[in-house]
Amino acid sequence: MTKAELIDRMYERMQEKNAGLPMNLVDAAVCTIIDSVAEQLVQDKRAEFRGFGSFSTTIRNAYIARNPCTGEAVTVPIKRIIHFKAGRELRHLTTL
């Protein structure tokens, strides 16, 4: 799902519930949520949505890898990666 699809789906849900929010306010709300999560991750903090999941960052140490075409050794630098852990309700929805 893209950000535009998320905005459209939220707008449709709001219309079903007779909330009457205009599209520009739904767009602003989605953008604010995404920006807030990104800001928390940049500050090396967690962002948690109860029932959905949590986002956090972890440090991946530098390591030596191999170029698959040439076999040459390549140094991969240390980097921060984003980790998502699904919440309990989401895990139960996705089990078969």
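See the structure shown above.
All of these numbers come straight from a predicted model, not from anything done at the bench. (Residues numbered from 1 in each chain as written. Predicted model: local features only at pLDDT ≥ 70, side-chain atom pairs only at ≥ 80, totals over all residues. Heavy atoms only, no water.)

*Asks:* Could you give an account of helix H2 (residues 23–42), naming the residues involved and the relevant values?
*Replies:* Side chains three or four residues apart in an α-helix point the same way, a direct result of the helix having 3.6 residues per turn. With 20 residues, H2 extends 29 Å from end C-alpha to end C-alpha; this agrees with the ideal 28 Å at 1.5 Å per step. Among the residues of H2, those classed as buried are Val26, Val30, Val37 and Leu41. One side of H2 carries all its buried residues, which in axial view fall inside an arc of 45°. Across H2 from its buried face, at more than 90 degrees, point the exposed residues Asn24 and Val42. Its buried side turned inward, H2 meets helix H1 (3–16), strand S1 (47–49), strand S2 (53–60) and strand S5 (79–86). Phi turns positive, to about 60°, at Asp44, one or two residues after H2. (Helix = DSSP H or I, 4+ residues; strand = E, 2+ residues; numbered from the N terminus. Expected span 1.5 Å × (residues − 1). Buried < 20%, exposed > 50% of the residue type's maximum accessible area, 1.4 Å probe, protein only. Arc of directions from axis to C-beta. Contact = heavy atoms within 4.5 Å.)

*Asks:* Just give me the short version of the sheet that holds S1, but keep the residues and values in it.
*Replies:* Strand order in the open sheet formed by three strands is S1-S2-S5, with antiparallel pairing between adjacent strands. The sheet terminates laterally at S1 and S5, the two strands that pair on one side only. Going from strand to strand, the sheet's axes swing by 25° on average, the running direction of each strand aside. Here S2 runs beside S5; their pairing, made up of eight bridges, is antiparallel. Paired with Thr57 across the bridge in S5 is Ile82. (Pairing = 2+ DSSP bridges. Axes fitted to C-alpha atoms, helices over the stretch in contact; angles between N-to-C directions.)

*Asks:* Provide a residue-level description of a nonpolar patch on the surface, including the pertinent values.
*Replies:* A cluster of nonpolar side chains, Ile33, Phe49, Phe52 and Phe84, forms an exposed patch at the surface whose accessible area comes to about 340 Å². On the secondary structure map, Phe49 appears in strand S1. Take Phe49: its relative accessible area is 32%, and that puts it in the partly exposed class. (Patch = residues over 30% accessible without salt bridge, like charges linked within 9 Å, V, L, I, M, F, W, Y side chains within 5 Å. Areas by Shrake-Rupley, 256 points an atom, 1.4 Å probe, with all protein chains shown as cover. Salt bridge = Lys/Arg side-chain N within 4 Å of Asp/Glu carboxyl O.)

*Asks:* A description of the packing of aromatic side chains should follow, citing residues and the corresponding values.
*Replies:* Scanning the model with the defined rule gives two aromatic pairs in all. Consider the rings of Phe52 and Phe84, whose centres lie 5.5 Å apart with planes at 50°: the pair is tilted. Of the two residues, Phe52 is situated in the loop between S1 and S2 and Phe84 in strand S5; the sequence distance between them amounts to 32 residues. Between Phe55 and Phe84, the ring centres sit 4.9 Å apart and the planes meet at 50°, which makes this aromatic pair tilted. (Phe/Tyr/Trp six-rings, centres within 6.5 Å; stacked < 30°, edge-to-face > 60°.)

*Asks:* Tell me about the pairing of S2, and name the residues and values.
*Replies:* Sheet topology places S1 next to S2; three bridges connect them, and they run antiparallel. Of the residues in S2, the one forming a bridge with Glu48 is Ser54. What sits between the antiparallel neighbours S1 and S2 is a turn of three residues, in which Gly51 has the positive phi angle 90°.

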